[in-house]
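Analysis of the macromolecular model
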Amino acid sequence: MPRLSEVIAALDTLWPPERAEGWDAVGTVCGEPDQEITRVLFAVDPVREIVDEAVKLGANLLVTHHPLYLRGTTTVAADTFKGRVVHTLIKNDIALHVAHTNADRADPGVSDALAGALDLRVVRPLVPDPTDPEGHRGLGRVCELDHPLTVRELAARAAGRLPATAQGIRVAGDPEAVVRTVAVSGGSGDSLFDDVRAAGVDAFLTADLRHHPASEARAHSPLALLDAAHWATEWPWCELAAAQLDEISDRKGWGLRVHVSKTVTDPWTAHAASTETPNAMGAPN
């Protein structure tokens, strides 16, 4: 069986840590380099539910998209939420490795997996990586539909293809407008509006859209916005990443058992649809 250092070296070929954003915290959080690895679990979030799942599964390595400590810490005390995660991992000989914005920029990466889940054909990166002369890496993806859909139909496809969440898919724009080209970005995407407008697409599917950026984007153009849950737009990457490690394991004869967590770690748990207000003037006083 491979050692942790060998598996991490293979993962770093997929998502080189030097390609992460400067503010990011990627790489190995805990784990002995000489530890043998037999079973790997992929998930979006390094939260207690996922760590408990890794323990129950008998995994030696947990790979997550989101960092455990993004802004650093001064304690890993067991009576803190994140400290308890660290203690549980170490006590059960489970290594934790993070691939975040380096996985976003990869080819294939997080947005490729999102596009694949929606049966979209990737044309190019939305924000190309200037260090990639072939133009395949970068943030987000510009995609084409196999046939035109209305905004309503595209939203229904996203709702049916992405993991179910309390939020579902929020839409801004004319539901009957025709969509032929779509920009997608897994995770929070409202910092990319200038790039989306420059791409000239009909719609933008991402997550965590805030009121003012979304309002300004709609004022600039008829661009349709589809806002999904952050976790749901990034979960397809777990399946892609697991398949990539499976291929490496087969090629190297490692015999790893690779799993993808289906535990929903989206923080929102319920949704109540608004009802029409009887106040003819609009919003209630």
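Higher on the page you've got the structure.
Scope of this entry: the structure provided in the associated data block. (Residues numbered from 1 in each chain as written. Predicted model: local features only at pLDDT ≥ 70, side-chain atom pairs only at ≥ 80, totals over all residues. Heavy atoms only, no water.)

Description of the pairing of strand 4 (residues 95-98)
Residues A95 and H97 of strand 4 are buried on one face, and the alternating residues L96 and V98, pointing to the opposite face, are buried as well. Note: strand 3 (residues 61-64) against strand 4, four bridges, orientation parallel. Of the residues in strand 4, the one forming a bridge with V63 is H97. Regarding the hand of the β-α-β motif, the stretch spanning strand 3, helix 3 (residues 81-91) and strand 4 is right-handed. (Buried < 20%, exposed > 50% of the residue type's maximum accessible area, 1.4 Å probe, protein only. Helix = DSSP H or I, 4+ residues; strand = E, 2+ residues; numbered from the N terminus. Pairing = 2+ DSSP bridges. Right-handed = clockwise from strand over helix to strand, strands pointing away.)

Some words on unusual backbone geometry
For the bond running from D107 to P108, omega is 0°, close enough to zero to count as cis. Looking at the element boundaries, P108 is found in the loop between helix 4 (101-104) and helix 5 (110-117). With phi around 55°, D93 is a residue other than glycine that occupies positive phi space. Classification of D93 as exposed rests on a relative accessible area of 53%. Of note in the backbone geometry, D119 takes a positive phi value of approximately 55° without being a glycine. Counting through the fold element by element, D119 comes out in the loop between helix 5 and strand 5 (121-128). Judged by relative accessible area, which is 43%, D119 ranks as partly exposed.

Some remarks on helix 5
With six of eight residues buried, helix 5 is to be regarded as a mostly interior element. All of the buried residues along helix 5 are V110, S111, D112, A113, L114 and A115. On its buried side, helix 5 packs onto helix 4, strand 5, strand 6 (138-150), strand 8 (178-188), strand 9 (203-207) and helix 9 (230-252). (Contact = heavy atoms within 4.5 Å.)

Things to note about the packing of aromatic side chains
Under the defined criterion, the tally for this structure stands at three aromatic pairs. Relative to W237, the ring of F42 lies with its centre 6.3 Å away and its plane at 80°, an arrangement referred to as edge-to-face. Of this pair, F42 sits in strand 2 (residues 39-43) while W237 sits in helix 9; the two residues are 195 residues apart in sequence, bridging distant segments of the chain. The class for W237 is buried, based on a relative accessible area of 0%. (Phe/Tyr/Trp six-rings, centres within 6.5 Å; stacked < 30°, edge-to-face > 60°.)

Re the side chain of R137
Looking at the secondary structure, you find R137 in the loop between strand 5 and strand 6. On the basis of relative accessibility, which here comes to 12%, the residue R137 falls in the buried class. Excluding its chain neighbours within four sequence positions, the residues that come into contact with R137 are R19, R105, A106, D107, P125, V127, P128, D129, T131 and D132.

So, the sheet that holds strand 4
As summarised here, the arrangement of the five strands in space is 1-4-3-2-11, forming an open sheet in which the pairing is mixed. For this open sheet the edge positions go to strand 1 (27-30) and strand 11 (257-260), each flanked by a neighbour on one side alone. Averaged over all pairs of adjacent strands, the angle between strand axes in this sheet comes to 25°, irrespective of strand direction. Contacting strand 2, strand 3 and strand 11, helix 2 (residues 48-57) runs over the sheet at an angle of about 160° to strand 2. (Axes fitted to C-alpha atoms, helices over the stretch in contact; angles between N-to-C directions.)

Some thoughts on the sheet that holds strand 7 (residues 170-172)
Reading across from one edge, 5-6-8-9-10-7 is the order of the six strands in this open sheet, with mixed pairing throughout. Where the open sheet ends on each side, the last strands, each with one partner, are strand 5 and strand 7. The mean angle between the axes of side-by-side strands here comes to 25°, regardless of whether they run parallel or antiparallel. Where strand 7 and strand 10 (residues 224-228) come together, three bridges link them in antiparallel fashion.

What about the state of the cysteines?
In total, this model carries zero disulfides according to the counting rule given. Sulfur of C30: no disulfide; nearest cysteine sulfur belongs to C238 and is 18 Å away. Of all cysteine sulfurs in the structure, the one in C238 sits closest to C143, which takes part in no disulfide; the separation is 19 Å. On the accessibility criterion, C143 (0% relative accessible area) is buried. (Disulfide = S-S within 2.5 Å.)

Without other data, these values stay purely geometric and don't point to any function.
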